[in-house]
Each structure stands twice: as C-alpha cells, then as structure tokens.
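# A structural walkthrough
Take a look at the letters that make up each chain.
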Amino acid sequence: MMFGLFGKRRKRGGATATPPPRVDADMRVYAIGDVHGRLDLLGKLLDKILADRAAHPAVRHKLIFLGDYVDRGSQSRELLDLLSQGPIEGFETIYLRGNHEDYLLRFLDDPADGSTWLYYGGANTLISYGIPASPLEKNPDRLIAIQQRLRRALPKSHLAFLRGLEVSHVVGDYFFVHAGIRPGIPLAEQSNDDLLWIREPFLASTKDHGCVVVHGHSVRMRPEILANRIGIDTGAYDSGVLTSLVLQGEGQWLLQT
C-alpha cells in the first residue's frame, strides 16, 4: 500500500510558508529501512517498488538502503549474497552502513567486545553462516574461535561489500544516514560514530538541520514524520513491516510490506 504524506505547507491567510523539501522532479527515490536479515520481506518490498516504478515513470530511479542488513533475522548470509552482487537492476543503488555492520566489522578485527554483538543479534548472523553461537557467549577463547571461523566462512564478496559501505548520502534537500546526526554540528563535520549510532539528542531535537534527515536505527511502530527528520525503521525483523520512503519533486509517500 502507498500512503501520501504531505502537501504544500501554507501560512494562515494563504501565503506560502517555507518551501517543502524536494528532490528533482525527474528522479524518484526509494529509501529502505533496516532489513536485519529478512530477505523475505525485502523481496516483497522490492516487488512493490518495481510496481511503483512502472506506475510512476521518471528519468532516474534511485534506491537507498539505510543499513543494518545483518543480525536478528535468520537470512543475513542470503541477504548479503543478493546485495553484494552490486546495484539492484534498473536503479542507481546506494548502500549505507548501519551500526550492525559496524559491530560485525569490529568483531572481525577484534573479538574482545564480541559478546555485545552476539547478544544484539550477531548470533543469528553467525548461525546463517553455519557457525553455532549463543547470544550469551562471553568466554574469550570461544569468541576468538568464533571470530576465526567467521573469517574463514565470510565470502570475499561479502567482506568487500561490508567494507565498501558509505556512511551518508545527499539527494536534494534530504540527508540519508543510518542513525542520525548530532544537532548543531555541520553535516561535513559529523563523526562516523554519530552517523551510525546516535539516538539522543538527535531524536528529541527540533532544530532545523538545513535538510531533512532520513534515517533508520530507532524502531517505531509507524514511520516517524517530522519537519526535520523522517525515521523509517519499523522493526521489520520482529514486526514483519519493512518500510520504504518514496520521494519525487515535493512529493513524499510510503511503501510497506
């Protein structure tokens, strides 16, 4: 189902207020929230996106993934098999890094904090690669052994994909990122840790960031549509609802599974 979000904002008396955010009228943009190992839901959402593209032709079609491909769901390996093949056919495809990709890469470099990753969904990813793992594993020796098994099991194409992920992307008046930004800091000076991990003070901020920040990371039952940010992580791994924000010109819509 597609939901329209906004019309033009107007002041009282009919005068036009600050123009709404926009992307080029000849470009249709699809931003996809946190997939978390739910290849089944991504397939359903991509079918809806393809149908939407056919119904709304544009010169350019851009697909932006907001990160968190791995962990929690049961199909992390299968999902990376698909995404690591390159762009989705027919779309300019942008893959952003999420904090769970950051967890995995840190574990590959140093297993010292691996117990935290396993607890927050990393065990599901390991199991998808055929590596038995408990989310409660804390034994340092076993964590080292798990790290070595993952290094051997992880295809080179998956590792290249994970290491090559971007941390942000700009289209028109929108700034796409996994977690958010630190209010009051210029976009060019944001730290990667904030872009991948921040919640507060970003979520509570009412500041004008100079753009609309489109993000995932913070789960809500419904997409969160505010003047300065749009959050589209609807907890797909648990809720079964994977969300895409659709943008063209001044239009904003939602597609969901």
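Preceding this paragraph is the structure being described.
The notes below deal with the structure included here. These numbers were taken from a predicted model, which means no experiment stands behind them.

### Comments concerning the overall build of the protein
Summing up its helical and strand segments, the protein has 8 helices and 11 strands in all. Projecting the C-alpha coordinates of the protein onto the three principal axes gives extents of approximately 70 × 40 × 30 Å. Looking at the 257 residues of the protein, the share that counts as buried comes to 51%. Put simply, of all contacts in the protein between residues at least 6 apart along the chain, 65% involve residues at least 24 apart.

### Side note on helix H5 (residues 140-153)
Because each turn of an α-helix spans 3.6 residues, side chains separated by three or four positions end up pointing in the same direction. Its 14 residues place the ends of H5 20 Å apart at the C-alpha level, agreeing with the 20 Å of an ideal helix rising 1.5 Å per residue. All of the buried residues in H5 are Leu143, Ile146, Gln147 and Leu150. Taken end-on, H5 shows its buried residues confined to a sector of 105°, consistent with a single buried face. Those residues of H5 that are exposed and angled more than 90 degrees off the buried face are Asp141 and Arg152. The secondary structure elements touched by the buried residues of H5 are helix H3 (99-109) and helix H4 (114-128). Backbone nitrogen of Asp141 and a side-chain oxygen of the N-cap are separated by 2.9 Å at the start of H5; the cap is Asn139.

### Considering the pairing of strand S3 (residues 60-65)
Within S3, 5 of the 6 residues are buried, which leaves the element mostly enclosed by the surrounding structure. Here 6 bridges tie strand S2 (residues 27-32) to S3, and the two strands are oriented parallel to one another. In the sheet register, Tyr30 faces S3, and the bridge partner there is Leu63. A crossover links S2 with its parallel partner S3, the connecting element being helix H1 (residues 39-55), and its sense is right-handed. Pairing of S3 with strand S4 (residues 92-95) involves 4 bridges; the strand directions are parallel. Bridge pairing in S4 links Phe65 to Tyr95. With helix H2 (residues 76-83) bridging S3 and the parallel S4, this β-α-β connection has right-handed handedness.

### Concerning the sheet that holds strand S7 (residues 212-215)
On the basis of which strands lie adjacent, the open sheet formed by 5 strands has the order S5-S6-S7-S9-S8 and mixed pairing. A strand with exactly one partner marks an edge of an open sheet, and here the two such strands are strand S5 (168-171) and strand S8 (224-225). Here S7 runs beside strand S9 (residues 229-231); their pairing, made up of 3 bridges, is parallel. Within the sheet, the bridge partner assigned to His215 lies in S9 and is Gly231.

### Brief notes about the pattern of salt bridges
Applying the stated criterion to the full structure yields 12 salt bridges. The salt bridge partner of Asp40 is Arg38, with a shortest N-O separation of 2.8 Å. Residue Arg38 is classed as buried on the basis of its relative accessible area, which comes to 18%. Salt-bridge contacts for Arg182 lead to Asp194; the nearest nitrogen and oxygen are separated by 2.8 Å. Pair noted here: Arg182 is in the loop between strand S6 (174-177) and helix H7 (192-197) and Asp194 is in helix H7, with a separation of 12 residues, a long-range link. With relative accessibility at 32%, the residue Arg182 sits in the partly exposed group. You can call Asp194 buried: its relative accessible area is 12%. Because the salt bridges share partners, they merge into one network encompassing Arg97, Asp102, Arg106 and Asp193.

What counts, and where the lines are drawn
Residues numbered from 1 in each chain as written. Predicted model: local features only at pLDDT ≥ 70, side-chain atom pairs only at ≥ 80, totals over all residues. Heavy atoms only, no water. Helix = DSSP H or I, 4+ residues; strand = E, 2+ residues; numbered from the N terminus. Buried < 20%, exposed > 50% of the residue type's maximum accessible area, 1.4 Å probe, protein only. Contact = heavy atoms within 4.5 Å. Expected span 1.5 Å × (residues − 1). Arc of directions from axis to C-beta. Polar contact = N/O pair within 3.5 Å; in protein donor to acceptor, adjacent residues only side chain to side chain. Pairing = 2+ DSSP bridges. Right-handed = clockwise from strand over helix to strand, strands pointing away. Salt bridge = Lys/Arg side-chain N within 4 Å of Asp/Glu carboxyl O.

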